[in-house]
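# Examination of the molecular architecture
One-letter residues, chain by chain:
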Amino acid sequence: MQSNGDVLMTTDSSSNSSSKWSLTGVIAFCFACIFFSGLLQSKEWWGIFDFLTLAGNFGKVVHSVSTKVADGHVVEVVAKTTSFRGSGGAGATDGFLFALTLAPMVIFAMGVFAIIEHLGALEVARRLMEPLFRPLLGIPGICGLTALGSFQTVDVGAAMTNDLMARKLLNRREKTLFTQFQFCAGGLLTNFLMTGAVLLATAAATHDGTITTTSIGLVLVVNFVMKILATNLLRLYMALFDKTFDERTASMEAQLTAADAR
Amino acid sequence: MTTATNNATRAADKKLITEIFVDGARKGWNAAITSMMPNVVMAFVIIRILEMSHGLDIISKGFEPVMSLFGLPGAAGIMLIGYWLSMGGGLGVALALLTKGQLNAHDLVVMAPACYIVGSNIQYLGRILSVIGTEGRYHSVMQVINFITGFVSIAIMQAIV
């Protein structure tokens with residue numbers, strides 16, 4: 001029990017021992033950055049280097065048909081399609097199907113993440129991102145790839161974070177801060193691409209040219225700054241109101257382990 | 001028999017890249033089905049309750065005085081809460097308010113970062129916080145921090161745009 005608590009507190013020392021820069025690691029890291037960034041999202045051949053392109057989509061199903069009638073004859077039948085989730089669902093049942101639509105992304109991303117990690121990309125991420133993440137967010141650089149994953153899909157970020165925790169690469173304090181980072185403007189890139197473009201385009205159409213493409217960049221930049229601000233607000237909160245966080249979670253962990261043993 | 005022996009040696013020796021993928025994917029399945037799905041179901045039930053009980057209107061009303069502090073109409077509060085429930089729903093609300101003239105284009109742009117900050121948070125409480133296993137007492141702290149950051153972003157956008 002005691003040793004378990006110790007491991008949780010001292011993640012840094014454990015990662016020092018087996019660290020090495022490898023060429024494959026650097027290549028895998030670069031690949032991961034491109035793969036999860038969405039830059040190469042395309043139907044062309046280079047789409048094979050993009051996460052969302054390879055993640056694909058569900059087929060469409062017809063949910064209703066309407067007919068155009070002229071001179072008492074049906075001249076055209078128009079079919080409306082949706083994904084298998086259908087339209088007009090609500091409540092727990094709709095939530096279940098919605099979760100099913102998200103599952104393939106998580107399964108696929110975790111598979112790719114395992115390969116990338118196997119090739120040594122996590123170690124490269126740790127070294128490259130450490131000088132940035134540690135002072136700015138109070139979390140280790142090893143979170144770099146996970147952060148990238150969470151910009152795309154929050155579920156991918158959450159699953160990856162769980163994985164880092166399970167392997168004791170993050171302690172509870174770092175995990176809590178990192179969670180706030182992901183929670184604030186979660187899934188930013190995907191959400192922005194899906195709904196932000198429409199919103200700003202509609203806004204631009206009604207206004208007299210004050211809203212331009214710079215607005216789009218501005219919104220993204222402000223959101224990234226706010227992610228950092230939110231993480232630091234939590235850091236401040238923990239420093240002011242939760243000084244015993246580490247001790248408390250360590251004892252909680254010990255209790256859980258004891259319960260498991262029983 | 002031979003295959004079994006081969007597999008055993010290979011597992012001990014070196015894993016195939018496909019096997020590594022499948023092992024990782026299995027972790028993804030466990031995360032998605034045992035942790036994400038129950039949380040999404042819970043979030044959808046909460047959303048349903050808020051929609052049916054008109055709880056949304058009450059929350060939106062509460063936001064009106066706060067929005068006016070930032071030089072925005074009360075409708076901006078409805079937009080923010082719409083996004084808080086779900087991104088898609090929020091977009092619908094925003095476009096409807098724009099068409100009705102209750103919000104103008106400038107308001108939408110000022111509100112945009114805040115909408116992404118609190119967007120789908122009610123789902124993400126389950127999909128991020130519960131999945132990662134955040135301590136219960138931190139759920140509300142993190143939600144409050146998101147709203148604070150959201151209002152900071154509104155102030156920043158009002159200053160720039």
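No experiment lies behind these values; they were computed from the predicted model shown.

Rules used throughout
Residues numbered from 1 in each chain as written. Chains lettered and ligands numbered in written order. Predicted model: local features only at pLDDT ≥ 70, side-chain atom pairs only at ≥ 80, totals over all residues. Heavy atoms only, no water. Helix = DSSP H or I, 4+ residues; strand = E, 2+ residues; numbered from the N terminus. Buried < 20%, exposed > 50% of the residue type's maximum accessible area, 1.4 Å probe, protein only. Contact = heavy atoms within 4.5 Å. Areas by Shrake-Rupley, 256 points an atom, 1.4 Å probe, with all protein chains shown as cover. Buried area = accessible area lost by both parts, 1.4 Å probe. Salt bridge = Lys/Arg side-chain N within 4 Å of Asp/Glu carboxyl O. Nonpolar A, V, L, I, M, F, W, Y, C, P; charged D, E, K, R; others polar. Axes fitted to C-alpha atoms, helices over the stretch in contact; angles between N-to-C directions. Parallel < 35°, antiparallel > 145°, perpendicular 65-115°, else oblique. Left-handed = near helix turned anticlockwise from the far one by under 90°.

## Concerning the overall build of chain A
Each helix and strand counted, chain A has twelve helices and two strands in total. Sequence-ordered secondary structure for chain A, helices as α and strands as β, is α-α-α-α-β-β-α-α-α-α-α-α-α-α. A total of 262 residues make up chain A; the buried ones form 44% of that total. Counting only contacts in chain A whose residues sit at least 6 apart along the sequence, the fraction spanning at least 24 positions is 63%. On chain A, roughly 12,900 Å² of surface is accessible, and the fraction owed to carbon and sulfur atoms is 65%.

## Things to note about the interface of chain A and chain B
If you look at the interface, chain A gives 68 residues, while chain B gives 60 residues. For the pair chain A and chain B, the summed buried surface comes to about 5,500 Å²; carbon and sulfur atoms form 78% of the total. Applying the counting criterion to the chain A and chain B interface returns five salt bridges. For the side of chain A that touches chain B, the elements supplying multiple residues, two or more each, are helix H5 (91–118), helix H8 (154–166), helix H9 (172–183), helix H10 (188–206), helix H11 (213–241) and helix H12 (245–261) of chain A. Among the elements that take part in the side of chain A that touches chain B, H5(A) stands out by supplying 19 residues, more than any other. Grouping the amino acids of the side of chain A that touches chain B by side-chain chemistry returns 40 nonpolar, 20 polar and eight charged.

## Some details on the packing of H5(A) against H8(A)
Residue and element names in this part refer to chain A. Remark: H5 packs on H8, axes separated minimally by 9 Å, with the N-to-C direction vectors making an angle of 45°. Judged by the inter-axis angle, H5 sits oblique to H8. The way H5 lies across H8 gives a crossing that is right-handed. For the pair formed by H5 and H8, the contact residues are Leu102, Met105, Val106, Ala109, Met110 and Phe113 on the first element and Asp155, Val156, Ala159, Met160 and Asp163 on the second. Tallied by class, residues from the contact of H5 with H8 come to nine nonpolar, no polar and two charged.

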